[in-house]
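Chain by chain, the residues:
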Amino acid sequence: MALTGQQVELGIARFLEAYPAARREVDDLDEALATSIGMELTDLRQQHALELMDKTAKGRGVSTMVFMLEFALDTQEERSRFLEKLEEAHRRAVGL
């Protein structure tokens, strides 16, 4: 069970809207830096945004996945349904 690429992108965009300091940090990454480490700028920015999201989630004492769901899915019902499916997939994976 995973979020789609579109849901992840939406989650990142909403996270950056909600956390202006993170938005500035991501926007400050430039093409020269991306080129120097062999990455596309969009990929570097997405990776850094995900790292900031992970750090923020941990600082709040929640899992990164649950934190991402708050931004990637529109309603609490969607988030609950997603988590139920994820839990079911984990149970099947371990044979329960």
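For the structure, see preceding data.
Everything quoted here is computed from the prediction, not taken from an experiment. (Residues numbered from 1 in each chain as written. Predicted model: local features only at pLDDT ≥ 70, side-chain atom pairs only at ≥ 80, totals over all residues. Heavy atoms only, no water.)

**Observations regarding the packing of helix H2 (residues 20-27) against helix H4 (residues 41-60)**
For clarity, the cut-off: What counts as an axis is a line fitted to C-alpha atoms, over the stretch in contact for a helix, and the angles between N-to-C directions run from 0 to 180 degrees. Put simply, DSSP marks the helices as runs of H or I at least four residues long and the strands as runs of E at least two long, and each gets a number from the N terminus on. Any angle that is under 35 degrees is reported as roughly parallel, and any over 145 degrees as roughly antiparallel; angles of 65 to 115 degrees are reported as roughly perpendicular and all others as oblique. Crossing handedness follows the turn of the near helix against the far one: under a right angle anticlockwise gives a left-handed crossing, and clockwise gives a right-handed one. Only heavy atoms enter the contact rule, under which two residues are in contact if any of them lie within 4.5 Å. Residues are grouped as follows: nonpolar covers Ala, Val, Leu, Ile, Met, Phe, Trp, Tyr, Cys and Pro; charged covers Asp, Glu, Lys and Arg; every other residue, Gly included, is treated as polar.
Where H2 contacts H4, the axes come no closer than 9 Å and their chain directions differ by 150°. Here H2 lies roughly antiparallel to H4, going by the angle between them. As H2 runs across H4, the sense of the crossing is right-handed. Facing H2, whose interface residues are Ala22, Glu25, Val26 and Asp27, H4 presents Arg45, His48, Ala49 and Leu52. For the contact of H2 with H4, the per-class residue count stands at four nonpolar, one polar and three charged.

**Describing helix H5 (residues 64-72)**
Put simply, the rule is: The cut-offs for exposure are 20% and 50% of the maximum accessible area for each residue type, with area from a 1.4 Å probe on protein chains only; residues under the lower value are buried, those over the upper are exposed, and the others partly exposed.
All of the buried residues in H5 are Phe67, Met68, Leu69, Phe71 and Ala72. Tucked inside the fold, the buried residues of H5 contact helix H1 (5-18), H4 and helix H6 (76-93).

**Section: the packing of aromatic side chains**
Which entries qualify depends on this criterion: Pairing of aromatic side chains requires ring centres within 6.5 Å, counting the rings of Phe and Tyr and the six-membered ring of Trp. Pairs whose planes differ by under 30 degrees are stacked, by over 60 edge-to-face, and all others tilted.
By the definition in use, this model includes six aromatic pairs. Here Tyr19 and Phe71 contribute two aromatic rings whose centre-to-centre distance is 6.4 Å and whose plane-to-plane angle is 65°, an arrangement assigned as edge-to-face. One end of the pair, Tyr19, is in the loop between H1 and H2; the other, Phe71, is in helix H5, and 52 residues separate them in sequence. Under the relative-accessibility criterion, Phe71 is labelled buried at 12%. In this structure an aromatic cluster arises from ring pairing among Phe15, Tyr19, Phe67 and Phe71.

**Considering the pattern of salt bridges**
For the record, the criterion: Salt bridge, as applied in this entry: a Lys or Arg side-chain nitrogen positioned within 4 Å of an Asp or Glu carboxyl oxygen.
With the rule as written, the count across this model stands at eight salt bridges. Among the ionic pairs, Arg23 bridges to Asp27, the shortest N-O distance being 3.5 Å. With Arg23 and Asp27 both in helix H2 and four residues apart, this pair spans about one turn of that helix. On the basis of relative accessibility, which here comes to 30%, the residue Arg23 falls in the partly exposed class.

**Quick notes on the nonpolar core**
Put simply, the test is: Nonpolar core, defined: a set of buried Ala, Val, Leu, Ile, Met, Phe, Trp, Tyr and Cys residues in which side-chain atoms within 4.5 Å join the residues together.
Leu3, Phe15, Leu16 and Met68 are the most contacted members of the largest nonpolar core, which has 19 residues in total. Those elements giving two or more residues to this core turn out to be H1, H2, H4, H5 and H6. Per-element tally for this core: the top contributor is H5, with five residues. Sequence-distant contacts of Met68, that is, excluding residues within four places in its chain, are made with Leu3, Val8, Gly11, Ile12, Leu50 and Met53.

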